[in-house]
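Single-letter residue listing:
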Amino acid sequence: MTRKTLGLLVAGSLFLWGCEKKLMIGVVLPETGPAAVYGASIKTGVKLAFDEAKATQKLPPGLVVEYRDSGSDPAKAAALADALYKAGALAIVGGVTTSEAQAMIPIADKRERVLISPSASAPQLARMSVYFFRVYPSDDLEGAKAAALITTTLSKRKVLVVQEDNPYTRGLLPVFLGQLNSARGTVVGTVVVGEAGWEQKLRDSLTALQPEVVYICGYGDAILNAVSVIRGAGFAGNIVTTSAINTATLLQKGGKLLEGVYFPLAGLDLASTQEPTHTFVKRYHEVYNLLPDTYAAHGYDAALALIYALEGQPPRSGRDIQLRLKGLGERRGVTGPLAFDDYGNIKHFPHSYWVRDGKAEDYDQYLEQKEAELRRKLLELATGGGQ
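Keep in mind that what you see is a predicted model, and the values were worked out from it rather than measured. (Residues numbered from 1 in each chain as written. Predicted model: local features only at pLDDT ≥ 70, side-chain atom pairs only at ≥ 80, totals over all residues. Heavy atoms only, no water.)

Novice: Describe the layout of surface pockets, with residues and values.
Specialist: Computed from the structure, the largest pocket encloses a volume of approximately 1,200 Å³. Elements represented by at least two residues in the lining of the largest pocket include exactly helix 2 (36-55), helix 9 (248-254), helix 10 (277-288), strand 13 (351-356), strand 14 (359-362) and helix 13 (363-383). Its residues placed into classes, the lining of the largest pocket shows 19 nonpolar, 18 polar and 10 charged. Viewed by domain, the lining of the largest pocket spans two of them, domain 1 (24-138 + 270-350) and domain 2 (140-269 + 351-370), each represented by three or more residues. Size it by volume and the second largest pocket reaches roughly 390 Å³. As for the second largest pocket, its lining consists of 19 residues, of which Pro 34, Ala 35, Tyr 38, Glu 164 and Tyr 219 are closest to the centre. Counting only elements with at least two residues in the lining of the second largest pocket, the list comes to helix 2, helix 8 (220-232) and helix 9. Along the lines of polarity and charge, the residues of the lining of the second largest pocket split into 8 nonpolar, 7 polar and 4 charged. Mapping the lining of the second largest pocket onto the domain boundaries places at least three of its residues in each of domain 1 (24-138 + 270-350) and domain 2 (140-269 + 351-370). (1 Å grid on protein atoms, 1.4 Å probe; cavity = no way out; pocket = protein on both sides within 12 Å on 5 of 7 lines; lining within 4 Å. Points joined across faces, edges and corners; volume = space filled by probe spheres on them. Helix = DSSP H or I, 4+ residues; strand = E, 2+ residues; numbered from the N terminus. Nonpolar A, V, L, I, M, F, W, Y, C, P; charged D, E, K, R; others polar. Domains from an automatic or database assignment.)

As C-alpha cells, this is what we get:
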C-alpha cells in the first residue's frame, strides 16, 4: 500500500467525522481477499450483537459503529484502525488474523485505545499491549490440545506435519511440537504447503514415512488443498488440523473430503439452553437463515464484551474501556464467560472436534456418550436387564 493511499484512508475518516466528537466503535474485518471466509462470518455475529443492543437501547445514546474492510491486507488494516482511532473510536473489533492483529496492535497501543480480536490466537500477541484483548483462546491451548488429541485420544505417535509458513503457524506449531515431544510423539517428516512440488513431496512422504497421523497446520485453503492430496493418495490414517477449518463455507466447500478430520476448537454448543447462547442461536437463524459457526459466535462475543463495557456512564477514554473489560468477570458470552486474564486472553479451553455428516461435532462429548452407552449395556447384561 502506498503512502498516498494510506493518507487518503486517514483523510476520508477525518472528513467523515470532522471535529465533532462522537462515541464511536470501529469494526475492521477482512470482508474481501484470502481471509474473507473468516471476516464475513465474524461480521454477521458482530453486526447482530450491535443491532440487537441498539434495538433494545443497551447502547449509549449517539453511539456510532463504523465498519471497514481490510481487504485481508495487514497494512490496510493498520491504516484503517489509525484513521478510526483518530476520528474518535475508543475501541475496535478487528485483528481477525495473526498478521492483521500484529499490524493493528501497535496502533492501538500508541493511541491508548482498545483492540479486541474475535479470532487471532498467536501466543505472542497477548504481550504486545495492555489494550489488546481476544475472545478466542491462545494457541498455547490449541497446540497442546492438538497434541493430546493425537497421543491420548487417538493413541497415535508417528506424525507427518504439513504446514503453511505464516505468522499464525509460527506461533501455533512450536507449541504443538513441544507438547507432542513431551507425550513421546514423533515427527517423521515435514511438508511446507506452497513450496515448489509440495503436493508430490506429500504423496511421497505418505508412502515412504508411513505416518499414523497427518497434522495440517494452516488456514482454510491450505487445509483443503492438503486434505485433497492426502485423500487422493489413499492415506488410511487420521488427519488432524487447526480450528481454522471450522467455518460453514469451508466445511461446505470441503464436503466429503473433510469427513472424519479432527481439530481442536473452543466451539459453540448449538443445543445449549443456557443464555445468552440459546437466544443467540435462535436469533442468528431468524436473521440469516443459517446456524452460526464458531467465527460468527466469537464475533458476537467480541461485540458483546464491548457492549457490556459501554454500560453505565459513557466511557471517556480507551483506558476506561480497557479497565471495564478487565472487570467483566463472569459475565457470559455465547461461547462462555467473558473473563480475561492479565494479558487480555479469554479463559476458555478447546475441546476435540471432528467433521461428521458435514458438520463440526464435539468429539470429546461423542466419546463420553459412547462410553455411557457402553456402561449402560454392560450394566444391563450384568443385571439381566438385557434379557
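Novice: Explain helix 12 (residues 318-326) residue by residue, including any values.
Specialist: Those residues of helix 12 not exposed but buried are Gly 318, Ile 321, Gln 322 and Leu 325. Across the axial projection of helix 12, the buried residues extend over an arc of 105 degrees, all falling on one side. (Buried < 20%, exposed > 50% of the residue type's maximum accessible area, 1.4 Å probe, protein only. Arc of directions from axis to C-beta.)

Novice: Explain empty space enclosed by the protein to me, and be specific about the residues and the numbers.
Specialist: Under the criterion given, the structure shown has 1 cavity of 30 Å³ or more. Each pocket or cavity is described by its volume, and for the largest cavity that value is around 130 Å³. Along its surface, the largest cavity is lined by 14 residues, and Val 96, Ser 119, Ser 121, Tyr 219 and Tyr 295 are the ones closest to its centre. Partitioning the lining of the largest cavity into residue classes produces 8 nonpolar, 5 polar and 1 charged.

Novice: Lay out the pattern of salt bridges with the relevant residues and their values.
Specialist: Overall, the coordinates contain 14 salt bridges when judged by the stated rule. Its salt-bridge partner being Glu 66, residue Arg 68 comes within 2.7 Å of it at the nearest N-O pair. Pair check on accessibility: Arg 68 and Glu 66 agree, each one buried. Among the charged side chains, a network of salt bridges with common partners joins Glu 52, Arg 283 and Glu 286. (Salt bridge = Lys/Arg side-chain N within 4 Å of Asp/Glu carboxyl O.)

Novice: Account for the domain arrangement of the protein, with residues named and values stated.
Specialist: According to the domain assignment, the protein contains domain 1 (24-138 + 270-350) and domain 2 (140-269 + 351-370). Taking the mean C-alpha position of each, domain 1 and domain 2 sit 27 Å from one another. With 29 residues of domain 1 at the contact, the number on the domain 2 side is 25 residues. Both faces considered, domain 1 and domain 2 share a buried interface measuring about 2,200 Å² in area, 59% of it formed by carbon and sulfur atoms. Summed over the shared surface of domain 1 and domain 2, the number is 0 salt bridges. The set of elements that each furnish at least two residues to the side of domain 1 that touches domain 2 consists of helix 2, helix 4 (98-111), helix 10 and helix 11 (294-309). Residues belonging to the side of domain 1 that touches domain 2 are distributed by class as follows: 15 nonpolar, 13 polar and 1 charged. (Contact = heavy atoms within 4.5 Å. Buried area = accessible area lost by both parts, 1.4 Å probe.)

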